[in-house]
Amino acid sequence: GQQVMQIPQYQHVQEGEDFTTYCNSSTTLSNIQWYKQRPGGHPVFLIQLVKSGEVKKQKRLTFQFGEAKKNSSLHITATQTTDVGTYFCASGGYQKVTFGTGTKLQVIP
Amino acid sequence: NAGVTQTPKFQVLKTGQSMTLQCAQDMNHEYMSWYRQDPGMGLRLIHYSVGAGITDQGEVPNGYNVSRSTTEDFPLRLLSAAPSQTSVYFCASSYYGGETQYFGPGTRLLVL
């Protein structure tokens with residue numbers, strides 16, 4: 001399956017600061033998905049990117065898929081305490097979906 | 001729709017015991033999968049199924065068995081539990097596999 005590395009592993013930010021997590025692969029990805037998992041909860045789908053260079057926005061969240069389809073990023077503008085959780089990228093074809101190791105975001109009020 | 005349901009929510013086992021983690025979905029999804037989540041390891045794929053009667057191994061299949069007799073159900077069996085299987089287990093489903101996955105609430109398993 002496709003291997004994806006995610007950085008950083010942890011991130012602490014002051015409320016109102018921006019946050020970015022990165023997902024990288026050594027091979028071309030067919031697509032990239034992003035999930036959010038609240039503490040004690042289960043992963044919840046946020047978005048899927050499929051096109052080279054694609055950029056999508058959801059309110060304060062901006063998702064990018066690299067031109068070479070080997071990397072992706074999730075950027076949160078002006079974090080809020082509701083953004084706390086672990087963010088995962090995932091990628092895969094028809095049969096196997098591989099998840100990154102996740103970035104755990106802590107927001108300090 | 002209930003979505004993806006998992007039972008039990010919590011379970012404590014002794015080494016060597018067997019058990020079955022249940023997973024069901026009511027969205028008529030063809031693709032179902034099992035992941036385990038350990039601190040710092042993300043979500044690792046155990047087994048998956050692309051339809052009734054079809055299963056295959058994921059990244060960490062050892063010690064686990066699955067079957068898929070119906071579209072709705074995808075149970076995960078631990079034949080002889082080991083402390084290394086202490087983890088949180090998530091079941092997920094999707095229409096085809098490569099797109100949006102819907103996760104169940106998880107089963108927290110402790111093996112003593």
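Summary of the structure given here. Keep in mind that this is a model prediction, so the values were computed, not measured. (Residues numbered from 1 in each chain as written. Chains lettered and ligands numbered in written order. Predicted model: local features only at pLDDT ≥ 70, side-chain atom pairs only at ≥ 80, totals over all residues. Heavy atoms only, no water.)

We now examine the state of the cysteines. For the coordinates displayed, the defined rule picks out two disulfides over all chains. Each disulfide pairs two cysteine sulfurs, and for cysteine 23 of chain A the partner residue is cysteine 89 of chain A, the sulfurs being separated by 2.0 Å. Taking the sign of the S-S torsion, about 70° here, the bridge from cysteine 23 of chain A to cysteine 89 of chain A comes out right-handed. Linking cysteine 23 of chain A in strand S3 (residues 19–24) with cysteine 89 of chain A in strand S9 (residues 85–92), this pair joins segments that are 66 residues apart in sequence. We note that cysteine 23 of chain A, like cysteine 89 of chain A, is buried. Two residues, cysteine 23 of chain B and cysteine 91 of chain B, share a disulfide whose sulfurs are 1.8 Å apart. One quick way to see it: the torsion about the S-S bond of cysteine 23 of chain B and cysteine 91 of chain B is about -70°, and its sign makes the bridge left-handed. Of this pair, cysteine 23 of chain B sits in strand S3 (residues 19–25) while cysteine 91 of chain B sits in strand S9 (residues 87–94), placing them 68 residues apart in sequence. A relative accessible area of 2% means that cysteine 23 of chain B is categorised as buried. Classification of cysteine 91 of chain B by relative accessible area gives buried; the value is 0%. (Disulfide = S-S within 2.5 Å. Helix = DSSP H or I, 4+ residues; strand = E, 2+ residues; numbered from the N terminus. Buried < 20%, exposed > 50% of the residue type's maximum accessible area, 1.4 Å probe, protein only.)

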